[in-house]
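Architecture and fold: a report
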There are 8 protein chains.
Amino acid sequence: MSAHRTADLGFARLDLDRARRTGTPEVVYAAGKTPEQTVACLEALRDGGSALAWATRVDDATATAIQARWPDAVIDPEARCAFVGDLPAPVGSVLVLTAGTSDGAVAAEVAATLAAGGVGCRRVDDVGVAGVHRVLAVAPDIAEADVVVVVAGMDGALPSVVAGLTDRLVVAVPTSVGYGAAFEGQAALLTMLTACAPGVLVVNIDNGFGAGVAAARIARTAVR
Amino acid sequence: MSAHRTADLGFARLDLDRARRTGTPEVVYAAGKTPEQTVACLEALRDGGSALAWATRVDDATATAIQARWPDAVIDPEARCAFVGDLPAPVGSVLVLTAGTSDGAVAAEVAATLAAGGVGCRRVDDVGVAGVHRVLAVAPDIAEADVVVVVAGMDGALPSVVAGLTDRLVVAVPTSVGYGAAFEGQAALLTMLTACAPGVLVVNIDNGFGAGVAAARIARTAVR
Amino acid sequence: MSAHRTADLGFARLDLDRARRTGTPEVVYAAGKTPEQTVACLEALRDGGSALAWATRVDDATATAIQARWPDAVIDPEARCAFVGDLPAPVGSVLVLTAGTSDGAVAAEVAATLAAGGVGCRRVDDVGVAGVHRVLAVAPDIAEADVVVVVAGMDGALPSVVAGLTDRLVVAVPTSVGYGAAFEGQAALLTMLTACAPGVLVVNIDNGFGAGVAAARIARTAVR
Amino acid sequence: MSAHRTADLGFARLDLDRARRTGTPEVVYAAGKTPEQTVACLEALRDGGSALAWATRVDDATATAIQARWPDAVIDPEARCAFVGDLPAPVGSVLVLTAGTSDGAVAAEVAATLAAGGVGCRRVDDVGVAGVHRVLAVAPDIAEADVVVVVAGMDGALPSVVAGLTDRLVVAVPTSVGYGAAFEGQAALLTMLTACAPGVLVVNIDNGFGAGVAAARIARTAVR
Amino acid sequence: MSAHRTADLGFARLDLDRARRTGTPEVVYAAGKTPEQTVACLEALRDGGSALAWATRVDDATATAIQARWPDAVIDPEARCAFVGDLPAPVGSVLVLTAGTSDGAVAAEVAATLAAGGVGCRRVDDVGVAGVHRVLAVAPDIAEADVVVVVAGMDGALPSVVAGLTDRLVVAVPTSVGYGAAFEGQAALLTMLTACAPGVLVVNIDNGFGAGVAAARIARTAVR
Amino acid sequence: MSAHRTADLGFARLDLDRARRTGTPEVVYAAGKTPEQTVACLEALRDGGSALAWATRVDDATATAIQARWPDAVIDPEARCAFVGDLPAPVGSVLVLTAGTSDGAVAAEVAATLAAGGVGCRRVDDVGVAGVHRVLAVAPDIAEADVVVVVAGMDGALPSVVAGLTDRLVVAVPTSVGYGAAFEGQAALLTMLTACAPGVLVVNIDNGFGAGVAAARIARTAVR
Amino acid sequence: MSAHRTADLGFARLDLDRARRTGTPEVVYAAGKTPEQTVACLEALRDGGSALAWATRVDDATATAIQARWPDAVIDPEARCAFVGDLPAPVGSVLVLTAGTSDGAVAAEVAATLAAGGVGCRRVDDVGVAGVHRVLAVAPDIAEADVVVVVAGMDGALPSVVAGLTDRLVVAVPTSVGYGAAFEGQAALLTMLTACAPGVLVVNIDNGFGAGVAAARIARTAVR
Amino acid sequence: MSAHRTADLGFARLDLDRARRTGTPEVVYAAGKTPEQTVACLEALRDGGSALAWATRVDDATATAIQARWPDAVIDPEARCAFVGDLPAPVGSVLVLTAGTSDGAVAAEVAATLAAGGVGCRRVDDVGVAGVHRVLAVAPDIAEADVVVVVAGMDGALPSVVAGLTDRLVVAVPTSVGYGAAFEGQAALLTMLTACAPGVLVVNIDNGFGAGVAAARIARTAVR
């Protein structure tokens, strides 16, 4: 195994070669870190030579700390992401669908991750199966995409319907939207895992980042 | 409260007035009873004056015992139901949809319960959302029904789509069809409880009998 | 499939034909939306020609924003619902029972939904099975209703008892009232799904809206 | 702490003083033991001076082995219990109610345990809340009992209703009767733990033995 | 069934005959009620002739409202209970044990319920099985009690050990004390339900009131 | 929406255009179908013009029935799949890894699905993380693959390690291998959903078919 | 990382250096393997130079196949283990306690694993906390042990009591013994994880092998 | 059994002989206690002769109260522990690894417990399996340790990998780090319980104290 470059901050060991090894630069997961720790991680990634350093799950205090350090940092408040440096030029095309308005924050994290990964994205919101004509109306968008990401809470039924309409891969993201028997996203998660249409792959509840990384890998495959 | 007529068999107390009080004659739930106990219950209901006595969850041994006692009893092997006496003439119209072939036994129990309750029934199988055009194809059937019963396992997504197409009530029956994260019907149950379209009411997993009783009550309301 | 009229707000796509198609006008689910988003949705529904636009799960900030926009909007604080426009004249009769005082907010959402749907409602609170004579005392009310909605938390036992007294359909609403093994409404949900009396249909925990829509459909069936 | 007499069989250490210390003689739990082990345990208890040695969860092979060793042993096939020696004369009075016929085996284990403990028992079966008049009909039996044991599966609602009618303690036994969301007795267990009427205490699912021991202690308290 | 006296407050129907019928006066469960509702309930109970009216789960605002209405009301802050009127003179003797200091609030609710029910109580805290000699040290207290209530969180192992030492009934109360795999009291609940020693009966998690009512019934049985 | 060709067998409605619409021909899921039903479905697909008709979850009786009807059908006993007709020539390259020997049946279903879908496959078994050098040893295979499918039961840790070594997408398949806290595959499922390395997408427990369909779509993307 | 010797059987890759690397020779887990596969694995380990090759979870067919191949193989039927070759001479001392007779098979697997690992073992059965004097009676055995393994099902309370008596580490093994709320060992597992006494470490349900490996490592530490 | 010295504070009974009996002095678990109660407990332990009195789960208010009483008390804010008196000189060597930065607080509690128990500790953070070279890089540290403690949230996969590299015992601590299907640490807990490498023992979620006590016992064994 070849040598690995690591930035050791004591509380964190940043993997400076991850982009080279896995195609995805290391991201700073800001939840559970202090604003100072997140800034220090971003700084180390920049010092390690990353053209872009970025963080997810950024709360208001962390966003403020990042902008104090880098006035030209870009904060995406819906996605709760922060970017320091330059976004790569996008290639490929990912379609991101949400079942309802409340799923927007997770879809925004998908879109931010795609942007950070240099992949193009088109997003259409509120395409729930309770009005199945809305799903059929996006069939042309589906046909043009390299891969489709479907974000849905509550009953999580949208990926099953979308996957029956296309030969594209469907990346399904359950969200914690809903109450009672939605069980913080478990209902949607189980629905997606048991989708009666094949071609559906699933990530963790509310994991827009993971869906974005996966979709970017597939989209880059399509254009390479 | 007025007097109640009960047939006391020791191991069971049969409610001879239930049809008068609730519109649904008492049924014999044969699971957990010996063939002899089921026959004795049916006999007591007949002796109590019921034009029709019937049982659900009838296994082979019980079916044999019933036909030995009443050679003209009717056994429905798909529904695992047995009927002794005369089925009432049907009124009204209930549409029963299944998402897949494997949901057939539960749909058959719905149909048998409707027949016992004197309500008409039309059944269309294998209308899963993975081919949403199949769902749209039954829209005319839906429009003619008094109420729609939807039977589905795995992702349980069909009721959400159907309820978005109609002003009829949808009675959703989760089934234990599926494996892994289907968790013996829990995935479908949660999907149906959190259906994003209103107008969906839910019964227990595999409870075709309960769905049939409920649908019959609604259908009878529509024609009274 | 005929053309569909949709109001596209970017973050939401409102289904302007839902009332025509399903009998129930689209409602704005305010949880997970900003006050501004909820007001914009209500505005689009009004602009789309709805005589009544309304929202559920309305918190104080949203209620204030609605009344700032429409001074004659009606806020139901117990039900957390807001109405803009005219309520239809009620037909039919639904009986809403609660097992305890703490179930009141959910029952109020049932009643508000019935009002929005143009169906009459009578409500009796605190009819728990721990004093079964209280249940028997409402037998005359049950006999007069087109359908009975039963709202109960904790042990959720009330629907089983009510369903044994009537030939009306019982729509059961589990609530998150209780602690410990009530598990935020799961105990009541399971009790209702396994009710030993047939004729019980179940909605999601705390889903007064869903119960109201379903009860309205049945009641309208009865009077058509 | 005083000396303890123990019969050490290698695979089991029998507590010969348990009756003296806790009022309940040690019972042999035959599930998970070979017929030979169960017979050896009963023999050791007899050798240790017990007037009565008995076992629960006795399957057919074990019953045969016991009767081969003690031709006058009494086998209760419904309760799956075996008794070697003399049952004590009964004192006090426990009422055992079941919600349905299928709960009979557990109720029989309650009754067998009461008999082994020298306490009187009266049993009434199939008193489900779906016919609440059947519950009201046993009110006189309840009034005469020292304590009431209620055995119920499915929705497990019976203890809530019974406890509202009496100042006697209610010992509730959930059973694994039911399917789907009954979850092998979990639904009934949760219902009983969250019973809205006070005065209900709960044992493990299908634990007729535990309910019997507890009821016997209370009944003996009443007569001492 | 004889006539029932009920105080109908609209939001609540108070059962004025419950003490006569079940031996336990109705208590006001203040959680989920406004301070005004709780005061109104207490007032109705007093007006209905109760010598003592009391409430559980009383928060600070409710306690203040009660004392504003009845300056001589007694507030038990550890138990979060409030008493208006006279406590009955105690008879009998219940021993209340806690496994740890953090279980104190639940034990205090047990003791308050016993006081309201006219039963004597002795309480010993912090008798965990991690120092089993502490359990053995209370053996004399156990021997003198009519019934033992054991309150324990975390592993919930104390009732198993206590029940092995006595012929008294053990009422086990799991508490939500603990973290991680304690799962808000579920671990202790399951431990108590599966206690290897017979003679253990279980109430809901943190349900000191229910344990107190049950223990009072048993203790009153012992002295009648 | 264009016309859809469907073969209606009464108990099943086969989607003859699925291959055209989604790239994956409809497969017959033989679990829950009689041997006769499976044969009839395969026949209808052949009659509908499919060059290859195939079935999964084929038990011995069904395999016998298939070979009786088509003597040149190919049965894959490890994968429990049956093929009637010609397998397409493979393109692309998918690497299938298993964590242990017992995961072999699921991996075989992945491989069979890839073969049916016309995609090349290389399989390496028993690469568990308990010997991490075995994982490192397959790094060259990973580098040559278009996508990696990882099949693992018990702790399900293998996808996390593999995803950290590559820029290829990892399709993770939890299996029901293991006992106790493996909970029939739930432990592995949760591990994979929460994998600390991005680039992992998950299918249902034991769902080799779903993983194969998804991997085929990605591999075909790579070569188009 | 140094070179690794592996025996590649296709369906399995045996780690011939595991004993050198981790102190524990690779064991063949026979569940999920055919008798032929288990024999082949044992053969490969022997060929790889292991003085002892052994297998766990050996059923009757596998035991027969092993003895057919190696007539002097030793089968331990209680532990379901098979040994081919020579057991090492034991050092150190591990005490294995069981709470009940039914826990014997798991305790036997602990003992077999210790024997294979060259560590001495003393076993005492049926030391349940329902007779706490039985626990106190083994205090001298505990004092002499290097480490204590406690095997318990049902309430799983024994490790809490034992850990309070000693400064030795307690390795706790929950078993699937019990019914109802024992939930196949989950109740015991949670009890042990939340044990109120420190010094308790836990393995998977019924995992006697894992407990034996861990105890052997600690015991070897004590004597090195 | 010999006499036991106990400090009885009413709300707590402190076990002054625990260090003598179990090697670990009693610690004050401050969660669920008031600052005054925690100070009183520490005081009683000091008065009882402990050279060191200490507390875990110390919040800010409690830390302030402790320092007000003992100005030279040492507060470890990351571990949330407080020490009054002298730490013993360390012997032995425990390696503490964390999978990610967010696991730091739990690792700090492990380290504090080791310090209180007189055992040496080395800690390396952020050694996640997503960069498996980081794990291999600590192999020399692992080789020098008496025992390894691995702290990990999310997928909890690190202990499986570490245990495959060493003959040391691995004490695994799942943490509540993660979201969605991490289920507050349950995913990591199940992963560790089902680790495919033997030699892994598990404590409760976030239980750094328990892991520290266990590791200290093993380390002291190694040096005695």
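Residues numbered from 1 in each chain as written. Chains lettered and ligands numbered in written order. Predicted model: local features only at pLDDT ≥ 70, side-chain atom pairs only at ≥ 80, totals over all residues. Heavy atoms only, no water.

1. Some points on the overall build of chain A
Short version of the rule: Numbered from the N terminus, helices here are DSSP runs of H or I no shorter than four residues, and strands are runs of E no shorter than two. As a reference, a globule follows 2.2 Å times the number of residues to the power 0.38, and the radius of gyration itself is taken over C-alpha atoms. Only heavy atoms enter the contact rule, under which two residues are in contact if any of them lie within 4.5 Å. Note that His is not counted, nor are the chain ends; the positive residues are Lys and Arg, and the negative ones are Asp and Glu. To locate a charge, take NZ of a lysine, CZ of an arginine, CG of an aspartate or CD of a glutamate.
Of regular secondary structure, chain A possesses nine helices and 11 strands. For 224 residues, the compact-globule formula gives about 17 Å, and the C-alpha radius of gyration of chain A, at 18 Å, lands near that figure. Reported as C-alpha extents along the three principal axes, the dimensions of chain A are approximately 50 × 40 × 35 Å. In chain A, the share of contacts with a sequence separation of at least 24, taken over all contacts with a separation of at least 6, comes to 68%. Measuring between centres, the 17 positive side-chain charges of chain A sit 7 Å from its 24 negative side-chain charges.

2. Brief notes about the packing of aromatic side chains
Just so we agree on the cut-off: For Phe, Tyr and Trp, where Trp contributes only its six-membered ring, two rings pair if their centres lie within 6.5 Å, and the inter-plane angle classes them as stacked under 30 degrees, edge-to-face over 60, or tilted in between. Each ring is checked for a lysine NZ or an arginine CZ that lies within 6 Å of its centre and within 35 degrees of its normal; such an atom marks a charge sitting over the ring.
The tally for this structure, following the rule as stated, stands at 24 aromatic pairs over all chains. Three or more aromatic residues joined by ring pairs make a cluster, and in this case those are Trp-54, Phe-83 and Phe-209 of chain A. For the cation-ring pair, Arg-57 of chain E lies above Tyr-179 of chain C, with the distance from its terminal atom to the ring centre recorded as 4.2 Å.

3. Brief notes about the relation of the copies chain B and chain F
Threshold: Here the copies are superposed with least squares, the fitted atoms being C-alpha atoms of residues at a pLDDT of at least 70 in both.
For the pair chain B and chain F, the relating rotation is 90°, the translation along its axis is 0.0 Å, and the fit reaches an RMSD of 0.0 Å. Interpreted geometrically, this transformation is the action of a four-fold axis. In terms of C-alpha distance to the rotation axis, chain B has Phe-183 of chain B as its closest residue, with the C-alpha 7.8 Å off the axis.

4. Details of helix α3 (residues 60–69) of chain E
All names here are of chain E. Rule in force here: Exposure classes here rest on a 1.4 Å probe applied to the protein chains alone. A residue is buried below 20% of its type maximum, exposed above 50%, and partly exposed in between. For this quantity, the arc is that covered by the directions from the helix axis to the C-beta atoms.
Those residues of α3 lying buried are Thr-62, Ala-63 and Ile-66. Mapping the buried residues of α3 onto a view down its axis gives an arc of 100°, with all of them on the same face. Facing away from the buried side of α3 by over 90 degrees, the exposed positions are Asp-60, Thr-64 and Ala-68.

5. Considerations on the relation of the copies chain F and chain A
For these two chains of identical sequence, chain F goes onto chain A by a turn of 180° and a shift of 0.0 Å along the axis, with RMSD 0.0 Å. Between the two chains, the operation in question is that of a two-fold axis. When the interface residues of chain F are mapped onto chain A, 100% of them again fall at the interface, so both copies present the same face.

6. Quick word on the pairing of strand β8 (residues 119–124) of chain D
Residues and elements named next belong to chain D. This is how the line gets drawn: Between any two strands, at least two bridges found by DSSP are needed for them to pair. Clockwise travel from the first strand over the helix to the second, with the strands pointing away from the viewer, marks a crossover as right-handed.
In the sheet, strand β7 (residues 91–98) pairs with β8 via five bridges, with the strands oriented parallel. Residue pairing in the sheet places Leu-95 in a bridge with Arg-122 of β8. Note that the unit made of β7, helix α4 (residues 104–116) and β8 has a crossover that is right-handed.

7. Considerations on the interface of chain B and chain F
Accessible area lost during the coming together of the parts is what is often quoted as the interface size. Our working definition: Buried area is calculated as the accessible area (1.4 Å probe) missing from two parts once they are joined, with the contributions of both summed. Each reported salt bridge corresponds to a side-chain nitrogen of Lys or Arg within 4 Å of a carboxyl oxygen of Asp or Glu. Under the rule applied, a polar contact is a pair of N or O atoms within 3.5 Å (in protein, one hydrogen donor and one hydrogen acceptor; residues adjacent in sequence only if both atoms are side-chain atoms). Put simply, Ala, Val, Leu, Ile, Met, Phe, Trp, Tyr, Cys and Pro go in the nonpolar bin, Asp, Glu, Lys and Arg in the charged bin, and everything else, Gly too, in the polar bin.
In this assembly, 14 residues from chain B lie in contact with 22 residues from chain F. Here chain B packs against chain F, burying approximately 1,500 Å² in sum over the two surfaces, 54% of which is carbon and sulfur. The largest per-residue losses of area from chain B upon contact with chain F belong to Thr-101, His-133 and Tyr-179 of chain B, which jointly make up 42% of the total buried on that side. In this assembly, chain B and chain F are joined by zero salt bridges. Between the two partners, chain B and chain F, sit three residue pairs in polar contact (both at pLDDT 80 or more). Among the elements that take part in the side of chain B that touches chain F, helix α5 (residues 132–137) of chain B stands out by supplying three residues, more than any other. For the side of chain B that touches chain F, the per-class residue count stands at six nonpolar, five polar and three charged.

8. Considerations on the sheet that holds strand β3 (residues 28–29) of chain H
Residue and element names in this part refer to chain H. With mixed pairing, four strands are arranged side by side in an open sheet as β3-β4-β6-β5. At either end of the open sheet lies a strand with only one pairing partner, and these are β3 and β5 (74–76). Inspection of the sheet shows strand β4 (residues 52–56) paired to strand β6 (residues 81–85) by four bridges, in the antiparallel sense. By the bridge assignment for β6, Ala-53 is matched with Val-84.

9. Notes on the interface of chain F and chain A
In this complex, chain F contributes 33 residues to the contact, which on the side of chain A involves 33 residues. Roughly 2,800 Å² of surface becomes buried between chain F and chain A when both sides are summed, with 62% attributable to carbon and sulfur atoms. Three residues, Leu-193, Leu-201 and Arg-217 of chain F, lead the burial of chain F against chain A; their summed loss comes to 22% of the area buried on that side. Where chain F packs against chain A, one counts three residue pairs in polar contact (both at pLDDT 80 or more). When residues of the side of chain F that touches chain A are traced back to their parent elements, those giving at least two are α1 (18–22), α8 (186–193), β11 (200–202) and α9 (208–223) of chain F. Looking at the side of chain F that touches chain A, the element that brings in the most residues is α9 of chain F, giving seven residues. Considering only residue class, the side of chain F that touches chain A consists of 18 nonpolar, eight polar and seven charged.

10. Topic: the environment of Thr-38 of chain G
All names here are of chain G. Mapping Thr-38 onto the fold places it in helix α2 (residues 35–47). Counting along the chain gives 18 residues from Thr-38 to Thr-56, while the straight-line C-alpha distance between them is 9.9 Å. Apart from residues no more than four positions distant in its own chain, Thr-38 is found in contact with Val-28, Ala-30, Lys-33, Ala-55, Thr-62 and Ile-66.

11. Observations regarding the sheet that holds strand β3 (residues 28–29) of chain A
Residues and elements named next belong to chain A. The mixed open sheet is built from four strands, whose spatial order is β3-β4-β6-β5. This sheet does not close on itself; its edge strands, each paired only once, are β3 and β5 (74–76). When β5 meets strand β6 (residues 81–85), the two strands line up antiparallel, connected through three bridges. The residue of β6 that forms the bridge with Ile-75 is Ala-82.

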